[in-house]
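# Coordinate analysis (summary)
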Protein chains: 2
Amino acid sequence: MLSERQLFVLQVIIDEFIQTAQPIGSRAISKKEEISYSSATIRNEMADLEDMGFIEKTHSSSGRVPSEKGYRFYVDHLVSPFRLSTEDLVTIQDTFEREMLEFERVVQKSATVLSDLTNYTSIILGPEVFETKLKQLQIIPLTPQTAVAILVTNTGHVEHRSFSVPVELDASDLEKMVNILNDRLHGVPLVELHDKLLTEITYLIRTYTKDFEASFQYLRAALFDEQPVKLYFGGKTNILMQPEFKDVNKIRTLYSMIEEEEEMARLIRTNSDGLKVTIGQENKSVAMQDCSLITATYSLGDKQMGTIALLGPTRMEYSRVITLLNVLSGQLSKTFQSWYQNG
Amino acid sequence: MLSERQLFVLQVIIDEFIQTAQPIGSRAISKKEEISYSSATIRNEMADLEDMGFIEKTHSSSGRVPSEKGYRFYVDHLVSPFRLSTEDLVTIQDTFEREMLEFERVVQKSATVLSDLTNYTSIILGPEVFETKLKQLQIIPLTPQTAVAILVTNTGHVEHRSFSVPVELDASDLEKMVNILNDRLHGVPLVELHDKLLTEITYLIRTYTKDFEASFQYLRAALFDEQPVKLYFGGKTNILMQPEFKDVNKIRTLYSMIEEEEEMARLIRTNSDGLKVTIGQENKSVAMQDCSLITATYSLGDKQMGTIALLGPTRMEYSRVITLLNVLSGQLSKTFQSWYQNG
DNA sequence: ATTAGCACTCGGTAGGCAGGAGTGCTAACA
DNA sequence: TGTTAGCACTCCTGCCTACCGAGTGCTAAT
């Protein structure tokens, strides 16, 4: 168990290191106002803290640096509740007050704000489970052989995809098809849409003609195949500016990882609700050894929609950042909530 | 004027440097099979080439390195027509044979292929002048106060934007409005659409009711305001792997520049037709001092559509890359041409 | 329990030295 | 006159050494 003083020393070391990125020596700590002990005393405490694995030396006679275990303990027990500056609050308020009516814009804007406020890299994972409902389906013929399918949700989200139309179908067939589908699928949540579409296909084939089948399969494929997860980034280069990335190879591997959207999505996706901090090696990725990832979920009602994440060095301003993420994910949820209620 | 032998020496130096990224010494050149002169002779030629500014020393006793003027001369006069390997050709063929029906996909895929084949970073500037025509306009009400406007072109390109609907308009008004617009605007090239829309607005206001005006302005704004240029990237991190970027600060500034899409678009946009090589400082950007940018335009008929660009170190495989860009921009033009003819 | 004092450790910087690659110049050669 | 062998010179690179300063661990005194 840690003594009061040890706790305090640990806190000072981490707070200080977060600010300066320099190893902290015993003398520096003993000189601090709040501390009335000599450097020798601090040295003893530091030796204990090191034995327990909370801090480390970079070399045998260097000052101490927080270990990952130290950071872990810090975020679990020491983070002081942070009061956001009014400036920050105003920035966030402004962002959400501007009228934005599209999911993409709101999310992209949030990512930008978050990265601007923190100087880290923000990543937002778009919604995967659409609690949103189908508003309208449109098929617009382009040429005799091609058409574009457009799907609109009650939140104003638009998906579209061009596809080939089998020769035996003409424009009026398509129109018929769309009308039937709109009748039967309006208001269906997108999660269920794929299955419902399949049901409709068999229904239509029975009721009308076999001709529809191929076309339907195209339509289904167009709207549901290889829909890659959408990531929204803010301040992609911010993290490169951190002093821990003065090594070219680290930058290269980290950056390659960031650009690998599939991989990033995998790392960020989470099923646990609420806020989660993943420190250094806890991230299952070599490229992110020196990084921490903080994720928070945003939701629609009680249904989790997506994740909002912040990527920084392990030496991160945890307390401030955690508060910011909480505020932002709350704002996001609130915004979507307001759309949904009116939909 | 350069002698035959000087030309040859210059070519060898540049070719070799492009391969190795190491300064080339006189001995290395004289040892080459095609060269029957001693290193001393080569040294003399090199001294002359240096006087003329085509090559440089990194320090007083180092081998030679091409200067920007050298590269300039090389691309203008020395690039040997390059025979693409059948492997490369097959890769490109495969890309364009797969059925793709959307502008975004074709372009994105091209960018990826280009960067994969070259190990540089590719950037494609989407079309700015739409020679494409309006196929259909849709307005779909979401809530009583909001609606989403969708615009489809004959090439299957879809733009959409949510906007606020003035309280005094209801869904049937919107429907009427859309019908009128579709009647009168079908087939209008997108370049003219904005102006035509304004004309229609005044017409409609005269013919129908004043109520439409506000709504129209919203619609117009939704579809035409702040439409940011769209850039498609391939291999964003490729250029970081080049040995010239072993300095952290260079990486940082270069990368910040790449992420600055507006700035990139400005650099890449060109009004001259065909292929253009911009070497090092010729790029008006500090971040790109050590980079070359090769741009080629693709077009629809005789109308220039967009630019396809490749960003690499000044030490670039110019001949191969130039051929590749020509082939790819040709393929792009061909693909769009085929769409257009059927539209 | 705390602290002053001291020996020790290690990173960082600077200087010196040897080896090597490459150059410029000169003089000899065809 | 063009070419080349030879040689002195330059500068980069790696390596060793010395030295300073910051910080530690330990011991002994308070």
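Predicted model, so just to flag it, every value in this text is computed and none were measured. (Residues numbered from 1 in each chain as written. Chains lettered and ligands numbered in written order. Predicted model: local features only at pLDDT ≥ 70, side-chain atom pairs only at ≥ 80, totals over all residues. Heavy atoms only, no water.)

## Some thoughts on the overall build of chain A
Which entries qualify depends on this criterion: Comment: elements are numbered from the N terminus, with helices defined as DSSP H or I runs of at least four residues and strands as E runs of at least two. We compute the radius of gyration from the C-alpha atoms alone; for a globule the expected value is 2.2 Å times N to the 0.38, where N is the number of residues. Burial classification: accessible surface area is computed with a 1.4 Å probe over protein chains only, and a residue below 20% of its type maximum counts as buried, one above 50% as exposed, and the rest as partly exposed. In what follows, a contact means two residues having at least one pair of non-hydrogen atoms within 4.5 Å. In this tally, Asp and Glu contribute negative charge and Lys and Arg positive charge; neither His nor the terminal groups of the chain are included. Note that the charge is assigned to NZ on lysines, CZ on arginines, CG on aspartates and CD on glutamates.
Counting its regular elements, chain A contains twelve helices and ten strands. The globule rule puts the C-alpha radius of gyration for 343 residues at 20 Å, and the 26 Å found for chain A is more than 25% above it. C-alpha extents for chain A along the principal axes are approximately 90 × 40 × 35 Å. For chain A, buried positions account for 54% of its 343 residues. Taking the contacts inside chain A whose residues are at least 6 apart along the sequence as the reference set, 62% of them involve residues at least 24 apart. Distance between charge centroids for chain A: 4 Å, based on 35 positive and 47 negative side chains.

## Quick notes on the protein's contact with DNA strand D
Under the convention used in this document: Here a residue is considered near a molecule or strand provided that any single heavy atom belonging to it is located within 4 Å of it. In protein, a polar contact means a hydrogen-donor-capable atom and an acceptor-capable atom, both N or O and within 3.5 Å, with residues adjacent in sequence counting only if both atoms are side-chain atoms; elsewhere, any N or O pair within 3.5 Å suffices. Under this grouping Gly is polar, as are all residues other than the nonpolar Ala, Val, Leu, Ile, Met, Phe, Trp, Tyr, Cys and Pro and the charged Asp, Glu, Lys and Arg.
Lining the immediate surroundings of DNA strand D are 20 residues, of which Ser26 of chain A together with Arg5, Thr41, Ser60 and Ser61 of chain B lie closest. Backbone sugar and phosphate groups make up 75% of those atoms of DNA strand D lying within 4 Å of the protein. Contacts to DNA strand D include lysine 57 of chain A, whose side-chain N or O atom sits 3.3 Å from a phosphate oxygen. At a separation of 3.0 Å, a phosphate oxygen of DNA strand D approaches a polar backbone atom of serine 38 of chain B. When contributions to the surface near DNA strand D are tallied by element, the ones reaching two or more residues are α3 (39-51) of chain A together with α3 (39-51) of chain B. Residue classes in the surface near DNA strand D are distributed as three nonpolar, twelve polar and five charged.

## Observations concerning the packing of helix α5 (residues 86-97) of chain B against helix α6 (residues 103-118) of chain B
All names here are of chain B. Note the following rule: Orientation is described by lines fitted to C-alpha atoms, with helices fitted over the stretch in contact, and by angles between N-to-C directions that extend from 0 to 180 degrees. If an angle is under 35 degrees, it is roughly parallel; if it is over 145, roughly antiparallel; if it lies from 65 to 115, roughly perpendicular; otherwise it is oblique. Working rule for handedness: look at the near helix, and if it is turned counterclockwise from the far one by less than a right angle, call the crossing left-handed; if clockwise, right-handed.
Running from N to C, α5 and α6 point in directions that differ by 165°, and their axes come no closer than 10 Å. Taken as axis vectors, α5 and α6 run roughly antiparallel relative to one another. Pair α5 / α6 crosses with right-handed handedness. On the side of α5, the interface is formed by Asp88, Thr91, Ile92, Thr95 and Phe96, while α6 contributes Val106, Lys109, Ser110, Val113 and Leu117.

## Quick word on helix α7 (residues 171-185) of chain B
All names here are of chain B. Our working rule: Expected helix span is taken as 1.5 Å per residue step, with the number of steps being one fewer than the number of residues.
Look at α7: 21 Å from first C-alpha to last across 15 residues, which is about the 21 Å you get at 1.5 Å a residue. When we look at burial in α7, the residues that qualify are Asp173, Leu174, Met177, Val178, Ile180, Leu181, Asn182 and Leu185. Just downstream of α7 lies glycine 187, where phi reads positive at about 85°.

## As for the pattern of salt bridges
Put simply, the rule reads: For this analysis, a salt bridge means a side-chain nitrogen from Lys or Arg found within 4 Å of a carboxyl oxygen belonging to Asp or Glu.
Tallying each qualifying case throughout the model produces 28 salt bridges over all chains. Two residues, glutamate 244 of chain A and arginine 315 of chain A, come together in a salt bridge whose shortest N-O distance is 2.7 Å. Residue glutamate 244 of chain A is found in the loop between β7 (231-234) and α10 (248-259), and its partner arginine 315 of chain A is found in the loop between β10 (303-313) and α12 (318-342); the two are separated by 71 residues along the sequence. For the pair glutamate 244 of chain A and arginine 315 of chain A, one class covers both residues: buried. Its salt-bridge partner being arginine 266 of chain B, residue glutamate 263 of chain B comes within 2.9 Å of it at the nearest N-O pair. Residue glutamate 263 of chain B and its partner arginine 266 of chain B are both found in helix α11 (residues 261-268); the two are separated by three residues, about one turn of the helix. Among the charged side chains, a salt-bridge network with shared partners connects Arg72, Asp76 and Glu282 of chain A.

## Considerations on unusual backbone geometry
Residues and elements named next belong to chain A. Backbone geometry at alanine 21 places phi at a positive 65°, although glycine is not the residue there. The backbone of asparagine 119 sits at a positive phi, close to 65°, despite the residue not being glycine. With respect to the element layout, asparagine 119 can be found in the loop between α6 (103-118) and β3 (121-125).

## Observations concerning the relation of the copies chain B and chain A
Test applied: Fitting of the copies onto one another was done by least squares over C-alpha atoms, counting residues only where both copies have pLDDT of at least 70.
With an axial shift of 0.0 Å and an RMSD of 0.1 Å, the rotation relating chain B to chain A amounts to 180°. Overall, the copies show the geometry of a two-fold rotation axis. No C-alpha of chain B lies nearer the rotation axis than that of valine 248 of chain B, which sits 2.9 Å from it. Comparing contact sets, 100% of the residues at the interface of chain B also lie at the interface in chain A, consistent with an isologous, same-surface contact.

## A closer look at the sheet that holds strand β8 (residues 276-279) of chain B
Residues and elements named next belong to chain B. Stated formally: Note: two strands are recorded as paired if DSSP finds a minimum of 2 bridges between them.
If you trace the five strands from one edge of the open sheet to the other, you get β7-β3-β10-β9-β8, paired in antiparallel fashion. Single-partner strands in this sheet number two, and they are β7 (231-234) and β8. Adjacent strand axes in the sheet meet at a mean angle of 20° when their direction is disregarded. The pairing of strand β3 (residues 121-125) with strand β10 (residues 303-313) spans five bridges and is classified as antiparallel. Each bridged residue has a counterpart across the sheet, and for leucine 125 the counterpart in β10 is threonine 307.

## Structural notes on the domain arrangement of chain A
Applicable threshold: Here the bounds of each domain stem from an automatic or database domain assignment.
Domain annotation of chain A identifies domain 1 (4-78), domain 2 (86-128 + 229-342) and domain 3 (134-224). A C-alpha centroid distance of 35 Å is found between domain 2 of chain A and domain 3 of chain A.

## Remarks on the interface of chain B and chain A
As a reminder of what qualifies: Once two parts are put together, the accessible area they lose, assessed with a 1.4 Å probe and summed over both, is termed the buried area.
Facing the 42 residues of chain B at the interface are 42 residues of chain A. When the two sides are added together, the surface that chain B and chain A hide from each other amounts to roughly 3500 Å², 60% of it contributed by carbon and sulfur. It is Leu101, Leu142 and Arg252 of chain B that lose the most area in chain B upon contact with chain A, and together they represent 16% of the buried surface on that side. Ionic pairing is found between arginine 161 of chain A and glutamate 102 of chain B, a salt bridge with its closest N-O pair at 3.8 Å. Here chain B and chain A share 13 residue pairs in polar contact (both at pLDDT 80 or more) between them. At the level of secondary structure, the elements contributing two or more residues to the side of chain B that touches chain A comprise β4 (134-141), β5 (146-153), β6 (158-164) and α10 (248-259) of chain B. Each residue belonging to the side of chain B that touches chain A can be placed in one class, and the counts come to 15 nonpolar, 16 polar and eleven charged.

## Here we look at the protein's contact with DNA strand C
Residues in close proximity to DNA strand C total 21 residues, the closest being Thr41, Ser60 and Ser61 of chain A together with Ser26 and Arg64 of chain B. Within 4 Å of the protein, atoms of DNA strand C come from sugar and phosphate in 75% of cases. Arginine 43 of chain B places a polar side-chain atom, nitrogen or oxygen, 3.1 Å from a base nitrogen of DNA strand C. Within the residue set of the surface near DNA strand C, elements represented by two or more residues are α3 of chain A together with α3 of chain B.

## A closer look at the pairing of β10 of chain B
Residue and element names in this part refer to chain B. In terms of burial, β10 is largely enclosed, as nine of its eleven residues are buried. Pairing of strand β9 (residues 291-300) with β10, which is carried by ten bridges, proceeds in the antiparallel orientation. In the strand pairing of β10, alanine 296 is matched with isoleucine 308. The loop that links β9 with its antiparallel partner β10 comprises two residues; one of these, glycine 301, has a positive phi angle of about 65°.

## Comments concerning the side chain of serine 122 of chain A
Residue and element names in this part refer to chain A. With respect to the helices and strands, serine 122 occurs in strand β3. On the accessibility criterion, serine 122 (0% relative accessible area) is buried. Among the polar contacts listed, one links the side chain of serine 122 to the backbone oxygen of alanine 111, at a separation of 2.7 Å. Once residues within four sequence positions are removed from consideration, serine 122 is found in contact with Ala111, Leu114, Ser115, Tyr232, Phe233, Gly234, Ala309 and Leu310.

## Things to note about the packing of α10 of chain A against helix α11 (residues 261-268) of chain A
All names here are of chain A. It is at 5 Å that the axes of α10 and α11 come closest, and there the two elements cross at 85°. Classified by the angle between their axes, α10 and α11 sit roughly perpendicular to one another. Here Met257, Ile258 and Glu259 of α10 lie close against α11, whose contacting residues are Glu261, Glu263, Met264 and Leu267. In terms of residue class, the contact of α10 with α11 is made up of four nonpolar, no polar and three charged.

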